Amino acid sequence: SRVRNGGVGIRIGMQKGVFFVAAVIPGGSADLADGLVREDDEIVAVGEDPVTSTMSMLDVACLLRGPVGEEIAVTLRTRSGYSAGELKTVPLTRIAGEVG
């Protein structure tokens, strides 16, 4: 049987070589992570793979997507507010049909 791929429930944006969370999809894995994943957070790494300015949107989306039910650690940097610059690694489970 074919392995179904899913995402972690975020839409990706890119500005000036920085990939960030453009939107958190309601009900998705990222949305259910106790507020740890926020819009505008920079995506620093997915699992062991660093996210760099030389990557494409598709490259980053492919890192985030994978077998449904599999957990992946996503490292984010807060870009705004009182905790700007703070790094956090959030374990997210891939869910069927999720975008990124």
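The model shown is predicted, which means the values in this text are computed figures rather than measured ones. (Residues numbered from 1 in each chain as written. Predicted model: local features only at pLDDT ≥ 70, side-chain atom pairs only at ≥ 80, totals over all residues. Heavy atoms only, no water.)

Caption draft 1: Local environment of the sheet that holds strand E1 (residues 5–7). As summarised here, the arrangement of the 3 strands in space is E6-E1-E9, forming an open sheet in which the pairing is antiparallel. The sheet is open, and its two borders are formed by strand E6 (66–67) and strand E9 (95–96), each paired with just one other strand. Here E1 pairs with E6 via 2 bridges, running antiparallel. When the sheet's bridge partners are listed, Asn5 is paired in E6 with Pro67. (Pairing = 2+ DSSP bridges. Helix = DSSP H or I, 4+ residues; strand = E, 2+ residues; numbered from the N terminus.)

Caption draft 2: Geometry of the side chain of Thr78. In this fold, Thr78 is placed in the loop between strand E7 (71–77) and strand E8 (87–93). Assessed through its relative accessible area of 4%, Thr78 is described here as buried. If we skip the residues at most four places from it in the chain, Thr78 touches Arg38, Asp41, Ser83, Ala84, Gly85, Glu86 and Lys88. (Buried < 20%, exposed > 50% of the residue type's maximum accessible area, 1.4 Å probe, protein only. Contact = heavy atoms within 4.5 Å.)

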